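A structural walkthrough
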Amino acid sequence: MKNKPADRIQDLQYFGEFGGVNPSISDSSTYTFLSAKTMFDTFEGNAEGCYLYSRHSSPSNLYLGEALAAMEGTEAANVFASGMGAITATLLQLCKAGDHIVCSRTIYGGTYAFLKNFAVQFGIQTSFVDITNLEAVEIAIQKNTKTIYCESLSNPLLEVADLKSLARISKKQHLKLVVDNTFSPLSISPIKLGADIVIHSLTKFINGSSDTVGGVVCGSHDFINALRNVNDGAAMLLGSTMDSLRAASVLKNLRTLHIRMKQHSYNALFLAHKFQEDGFRTVYPGLKNHQGNELFSEMMNEDYGYGGMLTIDVGSLNKANELMELMQKKNLGYLAVSLGFYKTLFSAPGSSTSSEIPEEEQKLMGLSNGLIRFSIGLDNDIARTYQIIKECMVEVGVLNTEMA
Ligand SMILES: *Cc1c(COP(=O)(O)O)cnc(C)c1O
């Protein structure tokens, strides 16, 4: 992989049927065949370039998949109707009844709930570990372990996973390292660091316009074909297929991802420094005192920065709520879950996106009540934005006037 990830996307050219500068959208769920023999071969997976039925694949979905595979540096990719569609299909493809997963304990709430409450019904057990403690990861591996699962930058605590070391451990034990890279597209390339499979929720930064849900799994030809297999493929049989119209729309948004990530990162780093100077416990991987700063810096593709996510602690849930409501009133952003939008989004993870995680465990993880998670937007003048945030902080009494 000699080119940078954004260049690899840029180098992909697709033309429409009539010479359009964007590829034509495949507006069909089914496809005709000139000969019955070709239809049979396509079913058997032996007719390259032929389409059968759009739950299996469609031209628009293949274009988007190809672009995302180029971005992550994998042989292939399959797009899904949502990030959870991608995650659940991958884990159910890799693990059967009696198998075991070693998983980071600080992960997206939906993934946590799936493993803890749902996958166990199929006889798949999970050990949740502190992913930054490599010894704990190794100890958790059992004879029946198939997968190590983590997020490169974890939700919502922004812990950084040491992907190189995790890859070394998983290779030694013949496991698959699966990495959810939703928080750090372009910034981190997990495959380069040794991961086997990379997943994204396209809903977030990659699509970037908060108008759809979507997901992708990037991996080897063999794994992606296995997911699509008509007899036992989790993508094909669980059926969380992306619609072609959406795939076309996400592909167009992907074209500006590098510019957006640079701006998200620039704005987030600026605010993180300011919040820290103001005395808030601020978590942002771009801050020198962040536990994973050095590791992230070693792993990252520098151009795109440390991403758009940061958290601050304002002391209590009440204060957090008051501040978020006021910031919304001042049009600084929206009190909403999700991330990667042009507008800043904020929420209190303990009572929203991570509410699937029991309170006890939230405490153990360091998820405190007054935590606000920010997805920093694409604001043109972030210094101006900061001034208005500061006024809000003073007004709700989490920042004293002298300091401000
Ligand atoms: C949002 C998110 C998901 C789930 O994606 P959906 O598109 O909402 O299904 C998975 N992982 C992470 C890190 C996320 O932020």
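Description of the structure in this document. This one's a predicted model, so the numbers in the text were calculated from it and none came from an experiment. (Residues numbered from 1 in each chain as written. Predicted model: local features only at pLDDT ≥ 70, side-chain atom pairs only at ≥ 80, totals over all residues. Heavy atoms only, no water.)

1. Regarding the overall build of the protein chain
The secondary structure content of the protein chain amounts to 15 helices and 12 strands. By the compact-globule yardstick of 22 Å for 404 residues, the protein chain fits well, its C-alpha radius of gyration being 22 Å. Each principal axis of the C-alpha atoms in the protein chain carries an extent, and together these give about 80 × 55 × 35 Å. Looking at the protein chain as a whole, 56% of its 404 residues are labelled buried. A fraction of 70% describes how many contacts in the protein chain between residues 6 or more apart in sequence connect residues 24 or more apart. By element, 50% of the accessible surface of the protein chain is carried by carbon and sulfur atoms, the whole surface being about 17900 Å². Here the protein chain contributes 34 positively and 41 negatively charged side chains, and the mean placements of these two sets differ by 1 Å. (Helix = DSSP H or I, 4+ residues; strand = E, 2+ residues; numbered from the N terminus. Rg over C-alpha atoms; globule rule 2.2 N^0.38 Å. Buried < 20%, exposed > 50% of the residue type's maximum accessible area, 1.4 Å probe, protein only. Contact = heavy atoms within 4.5 Å. Areas by Shrake-Rupley, 256 points an atom, 1.4 Å probe, with all protein chains shown as cover. Lys, Arg positive; Asp, Glu negative; His and termini not counted. Charge placed at Lys NZ, Arg CZ, Asp CG, Glu CD.)

2. Notes on the site of the ligand
Contacts to the ligand come from 13 residues, most closely from Met84, Asp180, Ser201, Thr203 and Lys204. Between the ligand and Gly83 there is a distance of 2.8 Å, counted from an oxygen atom to a backbone nitrogen or oxygen. In this structure, Lys204 approaches the ligand through a side-chain N or O atom, which is 2.7 Å from an oxygen atom. In terms of residues, the shell around the ligand owes the most to one element, helix H4 (residues 83-94), which gives 3 residues. Of the residues belonging to the shell around the ligand, the class tally is 4 nonpolar, 6 polar and 3 charged. (Near = heavy atom within 4 Å. Polar contact = N/O pair within 3.5 Å; in protein donor to acceptor, adjacent residues only side chain to side chain. Nonpolar A, V, L, I, M, F, W, Y, C, P; charged D, E, K, R; others polar.)

3. Thoughts on the sheet that holds strand S12 (residues 371-375)
Within a beta sheet, neighbouring strands are joined by backbone hydrogen bonds and run either parallel or antiparallel to one another. Strand order across the open sheet formed by 5 strands is S8-S9-S12-S11-S10, with mixed pairing between neighbours. This sheet does not close on itself; its edge strands, each paired only once, are strand S8 (281-283) and strand S10 (333-335). Taking each pair of neighbouring strands and ignoring which way they run, the sheet shows an average axis angle of 20°. In this sheet, strand S9 (residues 309-313) lies alongside S8 in antiparallel orientation, the contact comprising 3 bridges. Following the sheet pairing, Thr282 is matched in S9 by Ile312. Across the sheet, helix H11 (residues 257-277) touches S8 and S9, and the angle it forms with S9 is around 15°. (Pairing = 2+ DSSP bridges. Axes fitted to C-alpha atoms, helices over the stretch in contact; angles between N-to-C directions.)

4. Side note on the nonpolar core
Core analysis: the largest hydrophobic core is formed by 88 residues, its most contacted members being Leu64, Leu68, Leu254 and Leu310. For this core, the domains that each give at least three residues are domain 1 (5-254) and domain 2 (258-396). With 31 residues, the next largest nonpolar core counts Tyr112, Tyr149, Ile357 and Met365 among its residues. (Core = buried A, V, L, I, M, F, W, Y, C linked by side-chain atoms within 4.5 Å. Domains from an automatic or database assignment.)

5. Quick word on H4
Taking 1.5 Å of rise per residue, the 12 residues of H4 would be expected to cover 16 Å, and the 17 Å separating its terminal C-alpha atoms lies within 8% of that figure. In terms of burial, H4 is a largely internal element, 10 of the 12 residues being buried. Burial in H4 covers these residues: Gly83, Gly85, Ala86, Ile87, Thr88, Ala89, Thr90, Leu91, Gln93 and Leu94. Capping the start of H4, Ser82 holds a side-chain oxygen 3.4 Å from the backbone nitrogen of Met84, two or three residues further along. (Expected span 1.5 Å × (residues − 1).)

6. Re the side chain of His264
Turning to its location among the elements, His264 is positioned in helix H11. Non-local contacts of His264, meaning those with residues more than four positions away in its chain, are made with Phe205, Gly307, Gly308, Gly340, Phe341, Ile376, Gly377 and Leu378.

7. Concerning unusual backbone geometry
Residue Pro156 is reached from Asn155 by a cis peptide bond, and omega for that bond is 0°. A positive phi is found at Ser210, a non-glycine position, where the angle reads about 45°. Looking at the element boundaries, Ser210 is found in the loop between strand S6 (197-201) and strand S7 (215-219). Residue classification places Ser210 among the partly exposed positions, given a relative accessible area of 40%. Within the chain, Asn331 stands out as a residue other than glycine whose phi angle is a positive 65°. Within the secondary structure, Asn331 is located in the loop between helix H13 (317-329) and S10.

8. Thoughts on helix H10 (residues 244-254)
Listed in full, the buried residues belonging to H10 are Ser244, Ala247, Ala248, Ser249, Val250, Leu251 and Leu254. For H10, the secondary structure elements touched by its buried residues are helix H1 (5-10), helix H3 (59-72) and H11. Capping the start of H10, Asp243 holds a side-chain oxygen 3.1 Å from the backbone nitrogen of Leu245, two or three residues further along.

9. Some thoughts on the pattern of salt bridges
With the rule as written, the count across this model stands at 6 salt bridges. Lys4 serves as the salt-bridge partner of Asp303, at 3.0 Å between the closest nitrogen and oxygen. Of this pair, Asp303 sits in the loop between helix H12 (293-299) and S9 while Lys4 sits in the segment before H1, and the two are 299 residues apart along the sequence. Taking the relative accessible area as the measure of exposure, Lys4 reaches 42% and is therefore partly exposed. With a closest N to O distance of 3.7 Å, Lys319 and Glu322 form a salt bridge. (Salt bridge = Lys/Arg side-chain N within 4 Å of Asp/Glu carboxyl O.)

10. Comments concerning the sheet that holds strand S5 (residues 176-180)
A sheet is described by the order of its strands in space; here 7 strands give the open sequence S1-S7-S6-S5-S4-S2-S3, paired in mixed fashion. A single partner strand is all that each edge strand has here, and the edge strands are strand S1 (76-80) and strand S3 (125-129). Strand-to-strand twist of the sheet, defined as the mean angle between neighbouring strand axes without regard to direction, takes the value 20°. The sheet contact formed by strand S4 (residues 145-151) and S5 spans 5 bridges and is parallel. By the bridge assignment, Cys150 is partnered in S5 with Val179. In this fold H3 packs onto S1, S6 and S7, with an angle of close to 125° to the strand it touches most, S1. Its contacts with the sheet put helix H8 (residues 221-228) on S1, S6 and S7, and the angle it makes with S1 is roughly 35°.

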